[in-house]
Amino acid sequence: MLTLALQTIRTRIGGFAGAFIAILCGAALVAACGILMESGLRAGVPTQRYAAAAVVVGGTQSVRPPGADALSSEQVGEQATVPADLAGRLAAVPGVRAAVAEQSFPAQVVTRDGQVLTGVPSLGHNWDAAVLAPFTLSAGRAPATDGEVVLDADLAQRAGVVVGDQVRVMTRSTPVPFRVSGVATAAGLSRQSALFFTTSQSAHLAARPGQVNAIGVLADPGVAPDALADRVRAATAGAPVEVTSGVERSTVEFLDVSQTRTLLLAIAGSFGGFALMVAVFVVASTLALTINQRRREFALLRAVAATPKQIRKLIGVETTLIALVAGVLGSLLGLAVAAGMRDAFAAIGVIPADFGLVIGPLPLVAAVVLGLGAARLAAWTASRRPSTIKPVEALGEAAVERRELGKVRLVTGWALVLIGLGGAAVPLFVHGDAGTAASSMATLVTVIGLAVVGPQVVGLMVRVLAPVLSRVSRISGYLAAANSQANTRRLAAAVTPLMLAVAFALSMFYSQTSASAAAEQQTTRSTTADYVLTSPAGGISPEVAEAVRRVPGVAAATPVVRTQVIVATPTGEDIDVQSLPAQGLLGDQAGATLDLGISAGRLADLRGDTVALSESEASWLGKKIGDQVEFYYGDGVPATLRLVATYTHDLAFGDFVLPASLARAHTGDQLDDSVLVRRSPTADPSAVSAALGAVAERYPGLGFTAASPETGGQRQAQFYLNLVAVGVLIGYVAISVANTLVMSTAQRGREFALMRLVGTTRGQVIRMMRLEALATVGVAAVVGTLVPLVPLALLNMGLRGTVVPSGSPTVYLGIIAGAVLLGLLSMGLSTRVALRAKPIDAIGLRE
């Protein structure tokens, strides 16, 4: 059987090329997702401040509620801290040369002309921690008094100061002058600037009594970092800390490393699932077309006594050989796809530019195995018909395409369509990202259902198109209409991947634009402030809101602290753990600057240990006013707060609103993100603006505008992230579309030859195929547009109260134009290639 399979492949290279390309690209996509997932588990960036530390002890980086399994955890969104007194215990661990506690806090240099130095983040530390990099003094000496500071060499150069100069530094208040006592250098310091203060001054500026950012452990000579890490873990057993070594040290130093890992895992999980589903679908469709093209060959084998088992085994061996070669090459191609996706994610700013990929054998092997499994499953499904027909029916079956579909196929296909349409209604009841994801999934399920019953759907549409084609051209149009009606299975095989590409692209793009538009509209309607104060250089001091409230003519001013919370919800026997957006406000001030759409309780009661929830979140948690709400702050600290209000404008303000002081205390920098200001109705606008300008002058980098606060940055990044991921998937589908169209056209060489031998000219054949191509792309464009129309309409009805999706119509026209161009080029070029052979030679070729 192996010999026969190899001979068949050698003599039918062109026929197997389509299946090979489909499996190759599918394996590359799966391998890329696997590499991203492995990188989300093990990759990082080179550590900088802790390069000399063998082990770094930091705060817990994830939340795993009691009773949750190992997979039910969530990454913290704020910098966690560790107890300062832990350093003394670690210093006594065998093999530890020193355990150094490090304070870390925002510290920005203000130039002589009052500008804040921007670029990389600027952080202050205690001089004791300089040994962890290590920083070495290139000039001057260490800070000896609380009024002295050491700058890193790059920061000193940009600030234009030398040892002995005075420099102004701004932390969480107005700038304070310090004397530059020294300049220090450290190798590889690229992501940050460093300022060093005395131990007492850094503890005062960090404002976290008894807590430090991390503890760096220096090893005795000859002690292996991993062995020392094990000893440190034993010494810290039970403490809320994480012990890291090697590349893991960067997760303590840079919060975005852990966030990037979580992001890559989420992308690889969701996008990988979509990719695998589409890959299986495309491979199955391509193999079915390949096997269908060989029906005369299988008919002959059945007629000469080949058993159904032998037919299935032959197809299985052929598919295995093709899938193994394509899978191995595809998994290697996946390395380039993964690197390209990483570069694209870095270019749009959702992952650090220096975040590397971890490439191990597991994703590559998994891609080969999954590609082989998908191919064998598709081959088994496609081989059932040619292997089970009776020998006496075989030759007749080879000449005429089977028209009717099996009952199981019809029931399965239409059931999927109904499930997809039912799932499209989810956004009417579930808002936010879950509703948007449900809309996209509903579209995909509906498309798959229509693909299963494709010949039936295409047959109905062709009957409508046939008279139109006949009127367009008396000969070529008639032939195109007759071909389309007689070969609905072949036409459906060409329409299906094109329809999938159109529907998927429309759904993913317009669902994201609609969600962003809904959040923007709600934010605009809900913001009643006259001014917003922001600082492009970083956060805003908590003193600013207090100073603004003292300005004559200001009716209210509330700080806005953007953060996140982590919620654990029992779902049956499991515990669902998820991170939700949150913000901190002043309850007695926020009502004058923001309209949260309060549905119960009072926002003015938001003070102390209280919380306000979105109405949907309160309903999900089963909470009412006065109940205790349990969750975790963004830094992983557990909280139990009393519910004082519920609101409906959750797209603009997230699901949790906390008192500003509570939210601020559990952020890494303990700063505000913005300040919203409402002017008194009787106040002079110019006088208020001048007074706000005077406040801004005391806090360099601060500015104010008469505009709504920017809330779409995270959504915009998410949109571009999805765009990159979906773009890769659409690229795969586009390759599959071209592959399928070329295969379905190339197999018709004998048909074209026969038409030319009976008097049809070459030009008439080309025009016939051009009309068939237009019919193919027309059906795909119409169905591909109608399929996502219902989910998008219901999504927008649930989010925006209108059925019209948000987004530029030119994108839709571009998608349709791309599909039309792809279809015309694929069928047109393959037709011209098929017509190169002389009719008398082509008529003798095998099918």
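Please refer to the structure placed before this passage.
Quick summary incoming for the structure in this document. On a predicted model such as this, the values are computed, not experimentally measured, just so you know. Numbering of residues starts from 1 in each chain and follows the order in which that chain's sequence is written. With pLDDT at 70 or above as the cut-off, local features in this predicted model cover only qualifying residues; side-chain atom pairs require 80 or more to be listed or tallied, and sums for whole chains, interfaces and linings still use all residues. Excluded from the side-chain calculations are hydrogens and water; all other atoms, namely the structure's heavy atoms, are used.

**A few points about the sheet that holds strand β15 (residues 214-219)**
Step number 1: Strand pairing is defined by DSSP finding a minimum of two bridges between the two strands. Helix and strand definitions follow DSSP, with helices as H or I runs of at least four residues and strands as E runs of at least two, each counted in order from the N terminus. Across the sheet, which stays open at both edges, the four strands sit in the order β5-β15-β1-β16 with antiparallel pairing between neighbours. Each end of this open sheet is capped by a strand with a single partner; those strands are β5 (96-102) and β16 (241-245). Adjacent strand axes in the sheet meet at a mean angle of 20°, parallel and antiparallel pairs treated alike.
Step number 2: As paired strands, β5 and β15 are joined by six bridges and run antiparallel to one another. Axis lines are fitted to C-alpha atoms, over the contacting stretch for helices. Their N-to-C directions set the angle, which ranges from 0 to 180 degrees.

**Focus on unusual backbone geometry**
Step number 1: Residue P134 is reached from A133 by a cis peptide bond, and omega for that bond is 0°.
Step number 2: With respect to the helices and strands, P134 occurs in the loop between β8 (122-126) and β9 (136-140).
Step number 3: Phi angles above zero are rare outside glycine, and A207 is one such case at about 60°.
Step number 4: Along the chain, the position of A207 falls in the loop between α5 (199-206) and β14 (211-212).
Step number 5: Non-glycine residue Q670 carries a positive phi angle of around 55°.
Step number 6: Tracing the sequence through the fold places Q670 in the loop between α22 (660-665) and β25 (674-679).
Step number 7: Classification of residues uses two cut-offs on accessible area relative to the type maximum, computed with a 1.4 Å probe and protein chains only: under 20% is buried, over 50% is exposed, and between them is partly exposed. Under the relative-accessibility criterion, Q670 is labelled buried at 14%.

**With respect to the pattern of salt bridges**
Step number 1: By salt bridge we mean one thing: a side-chain nitrogen of Lys or Arg within 4 Å of a carboxyl oxygen of Asp or Glu. Taken as a whole and assessed by the stated rule, the structure comprises 15 salt bridges.
Step number 2: The partner of R112 in a salt bridge is D165, with the nearest N and O atoms 3.9 Å apart. Residue R112 is found in the loop between β7 (108-110) and β8, and its partner D165 is found in the loop between α4 (153-159) and β11 (166-170); the two are separated by 53 residues along the sequence.
Step number 3: For R112, a relative accessible area of 64% gives the class exposed.
Step number 4: For D165, a relative accessible area of 23% gives the class partly exposed.
Step number 5: Note that R261 and E248 form a salt bridge whose closest N and O atoms lie 2.7 Å from each other. With R261 in helix α8 (residues 255-293) and E248 in the loop between β16 and α7 (249-253), the pair connects residues that are 13 residues apart, well separated along the chain.
Step number 6: Overall, the relative accessible area of 10% leaves R261 in the buried class.
Step number 7: Overall, E248 belongs to the partly exposed group, its relative accessible area being 27%.

**Quick notes on the packing of helix α26 (residues 762-800) against helix α27 (residues 809-834)**
Step number 1: Direction vectors running N to C along α26 and α27 enclose 150°, while the axes themselves pass 9 Å from each other. Comparing the axis directions of α26 and α27 gives the class roughly antiparallel. For α26 against α27, the interelement crossing comes out right-handed. Contacts from R762, I766, M769, R770, E772, A773, L774, T776, V777, A781 and T785 in α26 reach Y812, I816, A819, V820, G823, L824, M827, T831 and R832 in α27.
Step number 2: Residues are sorted three ways: Asp, Glu, Lys and Arg are charged, Ala, Val, Leu, Ile, Met, Phe, Trp, Tyr, Cys and Pro are nonpolar, and all the rest, Gly among them, are polar. When grouped by side-chain class, the residues that make up the contact of α26 with α27 number 12 nonpolar, four polar and four charged. Note that the term roughly parallel is reserved for angles under 35 degrees, roughly antiparallel for angles over 145, roughly perpendicular for angles of 65 to 115, and oblique for everything else. Left-handed describes a crossing whose near helix is turned anticlockwise from the far helix through less than a right angle; right-handed describes the clockwise counterpart. Throughout, a contact is declared for two residues whenever any of their heavy atoms are within 4.5 Å.

**Observations concerning the side chain of T776**
Step number 1: With respect to the helices, strands and loops of the structure, T776 is situated in helix α26.
Step number 2: Sequence-distant contacts of T776, defined by excluding residues within four places in its chain, comprise L491, A494, V495, L741 and M827.

**Looking at the pairing of strand β13 (residues 193-197)**
Step number 1: The buried fraction of β13 amounts to five of the five residues, a majority that puts the element mostly inside the structure.
Step number 2: Burial of β13 is two-sided: the residues S193, L195 and F197 facing one way and the residues A194 and F196 facing the other way are all buried.
Step number 3: Bridge count between β8 and β13: five bridges; the pairing is parallel. If you follow N126 over to β13, its bridge partner there is F197.

**Structural notes on empty space enclosed by the protein**
The probe, sized like a water molecule, is rolled over the atoms to show the empty space still left.
Step number 1: With a 1 Å grid spanning the protein atoms alone, the term cavity applies to any set of points in which a 1.4 Å probe fits but cannot get out, the term pocket to an open set with protein on both sides within 12 Å along at least five of seven lines, and the term lining residue to any residue with an atom within 4 Å of a point. Grid points are joined across faces, edges and corners, and a volume is the space filled by probe spheres set on the points. What the rule picks out here adds up to seven cavities of 30 Å³ or more.
Step number 2: Here the largest cavity is characterised by a volume of approximately 100 Å³.
Step number 3: Lining the largest cavity, in full, are N483, S484, N487, R490, L491, A494, S744, T745, R748, E772, T776 and M827.
Step number 4: At the level of elements, α16 (476-486), α17 (488-526), α24 (713-746) and α26 are the ones that each hand at least two residues to the lining of the largest cavity.

**Topic: a positive patch on the surface**
Step number 1: Taken together, R762, R767, R770, R832 and R836 make up a surface patch of like positive charges.
Step number 2: It is α26 that provides the largest number of residues to the positive patch, a total of three residues.
Step number 3: Within the fold, R770 resides in helix α26. Like charges within 9 Å and nonpolar side chains (Val, Leu, Ile, Met, Phe, Trp, Tyr) within 5 Å are joined into patches, using only residues over 30% in relative accessible area that form no salt bridge. Only the protein chains shown count as cover for residues, and the accessible areas themselves come from Shrake-Rupley with a 1.4 Å probe. Under the convention used here, Asp and Glu are negative, Lys and Arg are positive, and both His and the chain ends fall outside the count. All charge positions are set by atom: Lys at NZ, Arg at CZ, Asp at CG, Glu at CD.

**Some thoughts on the packing of α16 against α17**
Step number 1: For the pair α16 and α17, interaxial distance at closest approach is 5 Å and the crossing angle is 90°. Viewed along their axes, α16 and α17 adopt a mutual orientation that is roughly perpendicular. Counted together, N483, S484, Q485 and A486 of α16 and T488, R490 and L491 of α17 form the full contact between these two elements.
Step number 2: Tallied by class, the residues present in the contact of α16 with α17 amount to two nonpolar, four polar and one charged.

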